[in-house]
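Chain by chain, the residues:
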Amino acid sequence: MNSAGTESALGGSPPNARYFATWRNRVFAAGNVTFPNRIYVSALNNEEDWTTAGDAVTIDLDKDSGDVITGIIPQGNRLLVFKNASIYAVYFNSPQQTSVDPVTTKHGTISGRSLVDVDGVILFLHGGGAWSRGVYALDQNNGIKLLSEPITPTLEESASTSLQTACAAFYKNSYMLCVDNGGSGDNNVLYKLNLRTGAWGYDTGIPCNSIYADTRLGTQRLLGGHATLGTIMVLDSGTDDNTAAISFAWRGKHFSFGKPENRKAALDIHIMGKKQAG
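Quick summary incoming for the structure in this document. (Residues numbered from 1 in each chain as written. Predicted model: local features only at pLDDT ≥ 70, side-chain atom pairs only at ≥ 80, totals over all residues. Heavy atoms only, no water.)

### As for the overall build of the protein
Condition: Secondary structure is summarised from DSSP: a helix means a run of H or I of at least four residues, a strand means a run of E of at least two, and numbering begins at the N terminus for each. We call two residues contacting when some pair of their heavy atoms lies within 4.5 Å. Values of accessible area rely on a 1.4 Å probe in the Shrake-Rupley scheme; residue burial ignores everything except the protein chains shown.
Of regular secondary structure, the protein possesses 2 helices and 19 strands. Residue pairs in contact within the protein that sit at least 24 positions apart in sequence constitute 37% of those at least 6 positions apart. Carbon and sulfur atoms make up 49% of the accessible area of the protein, which amounts to about 17,100 Å² in all.

### Some thoughts on unusual backbone geometry
In this structure, asparagine 45 takes a positive phi of about 60° despite not being glycine. Within the secondary structure, asparagine 45 is located in the loop between strand S3 (38–41) and strand S4 (57–60). One non-glycine residue with positive phi stands out, namely asparagine 173, at about 65°. Tracing the backbone shows asparagine 173 in the loop between strand S13 (167–171) and strand S14 (174–179).

### Observations concerning the pairing of S14
Applicable threshold: Think of it in three bands: with a 1.4 Å probe and only protein chains considered, a residue is buried below 20% of the maximum accessible area for its type, exposed above 50%, and partly exposed in between. In this description, strands pair whenever DSSP reports at least two bridges between them.
Of all 6 residues that make up S14, 6 are buried, and the element is covered over most of its length. Neither face of S14 is exposed, since Ser174, Met176 and Cys178 on one face and Tyr175, Leu177 and Val179 on the opposite face are all buried. Of the strand pairs in this sheet, S13 and S14 are connected by 5 bridges, and their pairing is antiparallel. Residue pairing for S14: alanine 168 is matched across the bridge by leucine 177. Counting the residues that bridge the hairpin from S13 to S14 gives 2 residues, and of these lysine 172 lies at a positive phi of roughly 50°. Summarising the sheet, S14 and strand S15 (residues 189–194) pair through 6 bridges and their orientation is antiparallel. Directly across from methionine 176, in S15, lies its bridge partner lysine 192.

### A short note on the side chain of serine 111
What counts, and what does not: Polar contacts, as counted here, are pairs of nitrogen or oxygen atoms within 3.5 Å of one another; within protein the pair requires one atom able to donate a hydrogen and one able to accept it, and residues that are adjacent in sequence qualify only if both atoms are side-chain atoms.
Along the chain, the position of serine 111 falls in the loop between strand S8 (97–104) and strand S9 (116–118). Separated by 2.5 Å, the side chain of serine 111 and the backbone oxygen of alanine 166 make a polar contact.

### Some points on the sheet that holds strand S2 (residues 26–30)
For clarity, the cut-off: Geometry is summarised by axes, namely lines fitted to C-alpha atoms with helices restricted to the contacting stretch, and by angles between N-to-C directions that run from 0 to 180 degrees.
If you trace the 4 strands from one edge of the open sheet to the other, you get S1-S2-S3-S4, paired in antiparallel fashion. With one partner strand each, in any of the chains shown, strand S1 (19–23) and S4 form the two edges of the open sheet. Going from strand to strand, the sheet's axes swing by 20° on average, the running direction of each strand aside.

### Observations regarding the sheet that holds strand S12 (residues 144–146)
Pairing within the open sheet is antiparallel, and its 4 strands lie in the order S9-S10-S11-S12. Each edge of the open sheet carries a strand with a single partner, namely S9 and S12. For this sheet, the mean angle separating the axes of adjacent strands, direction not counted, is 30°. Relative to strand S11 (residues 134–138), strand S10 (residues 121–126) runs antiparallel, the two sharing 5 bridges. The residue bridging isoleucine 122 from the neighbouring strand is leucine 138, located in S11.

### Let's talk about the packing of aromatic side chains
Note the following rule: Here a Phe, Tyr or Trp ring, Trp counted by its six-membered ring, pairs with any other such ring whose centre lies within 6.5 Å, and the pair is stacked when the planes are under 30 degrees apart, edge-to-face when over 60, and tilted otherwise.
In this structure the tally under the stated criterion is 6 aromatic pairs. Taken together through their ring pairs, the aromatic side chains of Trp23, Phe28 and Phe92 make up a single cluster.

### Quick word on the pairing of strand S19 (residues 231–235)
Two faces, one strand: in a regular strand the side chains alternate between the faces of the sheet. Bridging between strand S18 (residues 221–226) and S19 involves 5 bridges; their strand directions are antiparallel. Along S19, the bridge assignment pairs leucine 223 with valine 234. Taken together, S18 and the strand that follows it, S19, pair antiparallel across an intervening segment of 4 residues, in which glycine 230 is found at a positive phi of about 70°.

### Some thoughts on the nonpolar core
Rules: Residue types Ala, Val, Leu, Ile, Met, Phe, Trp, Tyr and Cys, when buried and joined through side-chain atoms within 4.5 Å, form a set referred to as a nonpolar core.
In this structure, Leu125, Val135, Tyr175, Leu177, Val179, Tyr191 and Trp200 are the most contacted members of the largest nonpolar core, which totals 19 residues. Secondary-structure elements contributing two or more residues to this core are S9, S10, S11, S14 and S15. Excluding its chain neighbours within four sequence positions, the residues that come into contact with tyrosine 191 are Ile151, Thr154, Leu155, Tyr175, Met176, Leu177, Val179, Asn181, Trp200, Gly201 and Tyr202. Tyr19, Leu61, Leu79 and Tyr88 belong to the second largest nonpolar core, which has 16 residues in total.

### Here we look at the state of the cysteines
What counts, and what does not: We call a pair of cysteine sulfur atoms a disulfide whenever their separation is within 2.5 Å.
This structure, assessed with the given rule, holds 0 disulfides. Note on cysteine 178: no disulfide assigned, nearest cysteine sulfur contributed by cysteine 167 at a separation of 4.8 Å.

### A word on the pattern of salt bridges
Basically, it comes down to this: Take a side-chain nitrogen of Lys or Arg and a carboxyl oxygen of Asp or Glu: if they are within 4 Å of each other, that pair is a salt bridge.
Throughout the structure, instances matching the rule amount to 5 salt bridges. Among the salt bridges present, the one from aspartate 55 reaches arginine 26, with a minimum N-O distance of 2.9 Å. Linking aspartate 55 in the loop between S3 and S4 with arginine 26 in strand S2, this pair joins segments that are 29 residues apart in sequence. A relative accessible area of 5% places arginine 26 in the buried class. Of the charged contacts in the structure, one is a salt bridge between aspartate 203 and lysine 192, with a shortest N-O distance of 2.6 Å. One end of the pair, aspartate 203, is in strand S16 (residues 200–204); the other, lysine 192, is in strand S15, with 11 residues separating them in the sequence. The class of aspartate 203 is partly exposed, set by a relative accessible area of 29%. We classify lysine 192 as partly exposed; its relative accessible area is 24%.

Spelled out as structure tokens, the structure:
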């Protein structure tokens with residue numbers, strides 16, 4: 001698709017793949033059904049040239065591991081390649097200057113569309129196994145941190161096949177993760193992690209197969225798309241639900257602050273009120 005929104009088939013002989021990334025003036029692709037552990041690299045500055053004569057190349061990554069590539073995303077000077085239970089770093093300057101290093105064999109992602117770059121830190125949805133199912137953060141020093149402990153029980157209840165369609169975006173300082181929480185085949189719950197406060201929230205009834213934070217108009221919009229319905233929706237917008245009033249309330253847990261003489265400082269207090277008639 002060009003800047004005018006016109007779609008056209010990519011020329012040349014690009015690979016059939018599920019995952020794409022642009023990095024170092026090339027297009028990287030992975031997720032081919034026949035070669036599920038292969039990374040395809042286009043020619044320099046030419047996304048339509050995938051021939052070795054044009055300096056394109058393929059990289060087979062640990063093809064005998066029994067696992068397959070589930071997502072790719074650039075991070076600084078490396079391309080991260082995710083499998084279900086492992087992560088690798090590809091360092092690429094040219095077809096002749098390429099190396100691959102393992103990052104971890106304990107974490108991976110169940111959905112390539114859950115990968116989001118937040119200021120150089122990659123957030124991803126891990127599908128379970130040796131470590132808890134949840135949202136993790138991977139920094140450039142290979143440090144990995146669990147971010148979703150408050151909703152881990154909820155994610156554990158979801159079937160792994162349901163989480164394979166999860167998608168995510170970074171929007172208004174929050175990691176937005178849309179998942180299928182009921183096995184319906186459609187993502188229907190939008191979890192929101194505020195990266196400033198660490199607080200989680202969620203919305204239901206949002207059928208999105210993909211979400212995207214659009215900044216092209218100068219202001220942020222969260223767009224959601226649904227393949228079956230054939231619709232693109234603007235999420236997190238307006239003050240009503242298709243003209244119906246939005247009924248919303250929040251209740252916190254009971255806090256005991258101890259004896260009165262033990263003074264404690266409150267960071268923030270939010271009070272919700274309702275105007276009475278008259």
